[in-house]
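Remarks on the overall topology
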Amino acid sequence: MSALDQGGDHVFEQALAWHRALSREDADWDGYIAWLDENPAHRTAFDEIALLDRMIDDHAPSLPSIEPAEVSQPAAPHRRKMWWFGGSIAAALAVAAVVPTLIRTPADIVYDTNGKSRTVTFADNTQVTLAPRSTLVVKAGDQTRLQVAAGEAYFSVPHIKGRTLSIRAADYEVRDIGTRFSINLAPEFLTVAVAEGNVSVRPDTGGTAELGAGKQLIADRGRRLARIAPVTTNDVASWRQGRLVYANAPLAVVAADLARYTGDRVTIDPRLRERRFSGVLAIANGAGMFSDLAELMSISSRRSDAGVRFMPLGKY
Amino acid sequence: MKVKLSVETTEPIEHVPLGALYGVHRAELLRFLIARTGDRAEAEDLVQDLWLKASRGSSGPMANGRAYLFRMAQNLIVDRARERQRRMRRERLWIDGDAPLAGSSEERIDPSRDAESAMIDREERARLSQAIEMVPDGARRVFDLHKLKGLSHAEVAARLGISHSGVEKHMAVAMKYLRRALAD
């Protein structure tokens, strides 16, 4: 079956290297074609690898893994869980205003959302709208020290002299004295988008970025790289109007959003890691957003027991 | 490590109809497919198939249309190879009527496409899991993180505290073992 046995491991290694190289956006396709032309054994070796790789991808979600999946959010100790039962802002206001006075030792107050977004209004009229399946923590009950522990939140902060709001999101701190902006925390990326005013974003590792209205910062948490790009101010936290609007967003960010809106586990084939998405998804489409996105990006989405996985164009 | 902050303007994304892209790159695409398949007739057939898909498909955000089409072609070739592979297995299942891989009796009396396909899936998965167990520990850990957990090479390197080329070597070892274990 294998012409490789003549060429040996060397050809197989070359084919592997090409297989990997071609997954890059800037792949050298001409070099690859030249390599194919050199020797028919090259083609056979490549076929074998591509087929094996596809077989692994097809089964990856259901294959036993040797390590448990990574948990991205460390749980804060002594959390007090708070759920909203009523939807009204007044109820949220009452809860937020009353709770800190009831507790003697300041504990973290945790706001979690399920499938619906909710708005909480603090005593100083700061309003935070939490997207579905997101978590906001009020550190030690102090309403000027917040944390986005998961998901996305939109902040509308009135300017009050002498008051600075500090919001932690993973390894970053966002500081603000009065603006409207959103913070989106995905497993691999942090996005801060400003609709009005200015905020500063400071990574724990040093350096500060000042963001004005119409700017967004997308930080790759693993690589510790951030880039600042324009954003249409009307599109900031447009999920509040039922639309997810993206401009050149990493696919991982879109996938994390879809996971929150649908409650599905969403994974991405490694070959799609560098892909970015620009476009609009309608939240009302629910799980239909997976195929909407797949269609728009010319990729495929496959559902299995393990969740939804985005793959390069495969089955049509 | 310092975080680098760069100001960059997002370029407007090209929304090019795939059909138009195809027209521009058809000759190159054919040349590529001949090199890739070693078979002119099959290459022509693939080009035709790609044209149908391209003209039906919507436009997508594409930084590099040519690479995009090549990648699409590459995927199509693997799709076809994968179908052939599964068809061969299906035929084999029919021949070895009492192979132990048929799960329930229901599947044996109802050889519908779905049941057959589920059977092939199960068999493939079992063979693959067995093969993965043969991979040496270091390579298996890298394989697990990259292929099963979807971490990038850079993330695997960071997680395991090894170099980038170390990750590539481990992946090569894993793929060699799998290829050997799965060879018919």
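Below or above, wherever it landed, is the structure these notes cover. (Residues numbered from 1 in each chain as written. Chains lettered and ligands numbered in written order. Predicted model: local features only at pLDDT ≥ 70, side-chain atom pairs only at ≥ 80, totals over all residues. Heavy atoms only, no water.)

Glancing now at the overall build of chain A. Across its full length, chain A carries seven helices and 19 strands. For chain A, contacts bridging at least 24 residues in sequence account for 52% of all contacts bridging at least 6. When the accessible area of chain A is evaluated, it comes to approximately 13700 Å², of which 51% is carbon and sulfur surface. (Helix = DSSP H or I, 4+ residues; strand = E, 2+ residues; numbered from the N terminus. Contact = heavy atoms within 4.5 Å. Areas by Shrake-Rupley, 256 points an atom, 1.4 Å probe, with all protein chains shown as cover.)

In this section: the overall build of chain B. Of the regular secondary structure elements, chain B holds eight helices and three strands. Across chain B, helices and strands are ordered from the amino to the carboxyl terminus as β-β-α-α-β-α-α-α-α-α-α. Looking at chain B as a whole, 46% of its 184 residues are labelled buried. Taking contacts inside chain B between residues at least 6 apart in sequence as the whole, the part at least 24 apart equals 60%. Accessible area of chain B: about 9800 Å², with a carbon and sulfur share of 54%. (Buried < 20%, exposed > 50% of the residue type's maximum accessible area, 1.4 Å probe, protein only.)

For the rest of this paragraph, the subject is the packing of helix α4 (residues 40-59) of chain A against helix α8 (residues 164-182) of chain B. Closest axis-to-axis distance for the α4 of chain A/α8 of chain B pair is 11 Å, and the angle between their directions is 90 degrees. Taken as axis vectors, α4 of chain A and α8 of chain B run roughly perpendicular relative to one another. Listed contacts from α8 of chain B to E48, I49, L52, D53, M55 and I56 of chain A of α4 of chain A are M175, L178, R179 and L182 of chain B. (Axes fitted to C-alpha atoms, helices over the stretch in contact; angles between N-to-C directions. Parallel < 35°, antiparallel > 145°, perpendicular 65-115°, else oblique.)

Residue and element names in this part refer to chain A. The mixed open sheet is built from three strands, whose spatial order is β16-β19-β18. The outermost strands of the open sheet, each flanked by one partner alone, are β16 (266-268) and β18 (300-304). Neighbouring strand axes in the sheet, compared pairwise and without regard to direction, differ in orientation by 25 degrees on average. Relative to strand β19 (residues 307-311), β16 runs parallel, the two sharing three bridges. Residue pairing for β19: T267 is matched across the bridge by R309. (Pairing = 2+ DSSP bridges.)

With that settled, the discussion passes to a nonpolar patch on the surface. A surface patch of nonpolar side chains, about 270 Å² in accessible area, is lined by M134, V173 and Y177 of chain B. Here M134 of chain B lies in helix α5 (residues 113-134). (Patch = residues over 30% accessible without salt bridge, like charges linked within 9 Å, V, L, I, M, F, W, Y side chains within 5 Å. Salt bridge = Lys/Arg side-chain N within 4 Å of Asp/Glu carboxyl O.)

Once that is clear, we can look at the pairing of strand β5 (residues 135-138) of chain A. Residues and elements named next belong to chain A. With burial as the criterion, each face of β5 is covered, one bearing T135 and V137 and the other bearing L136 and V138. Examined bridge by bridge, β5 and strand β6 (residues 145-156) share four bridges and lie antiparallel to one another. The partner of T135 across the bridge, within β6, is A150. Hairpin connection between β5 and β6: a loop of six residues separates the two successive antiparallel strands, and A140 in this loop has a positive phi of roughly 50 degrees.

Bringing unusual backbone geometry into the picture now. Residue and element names in this part refer to chain A. Phi is positive for A140, which is not a glycine, with a value near 50 degrees. Look at A170: it is not a glycine, yet its phi comes out positive at around 55 degrees. Tracing the sequence through the fold places A170 in the loop between β7 (165-169) and β8 (172-176).

By size, the foremost hydrophobic cluster in this structure holds 59 residues, and its most contacted members are Y32 of chain A together with L33 of chain B. Per-element tally for this core: the top contributor is helix α3 (residues 65-95) of chain B, with nine residues. (Core = buried A, V, L, I, M, F, W, Y, C linked by side-chain atoms within 4.5 Å.)

What follows is about the pattern of salt bridges. For the structure on display, the rule yields 32 salt bridges over all chains. The partner of D57 of chain A in a salt bridge is K147 of chain B, with the nearest N and O atoms 3.0 Å apart. Here D57 of chain A, found in helix α4, pairs with K147 of chain B, found in helix α6 (residues 137-148), and the two come from separate chains. Salt bridges here are not isolated pairs; linked through shared partners, they connect D58 and R302 of chain A together with R82, R86, D121 and E124 of chain B.

Attention now goes to the side chain of T121 of chain A. Positionally, T121 of chain A belongs in strand β3 (residues 118-121). At a separation of 3.4 Å, a polar atom in the side chain of T121 of chain A contacts the side chain of Q127 of chain A. (Polar contact = N/O pair within 3.5 Å; in protein donor to acceptor, adjacent residues only side chain to side chain.)

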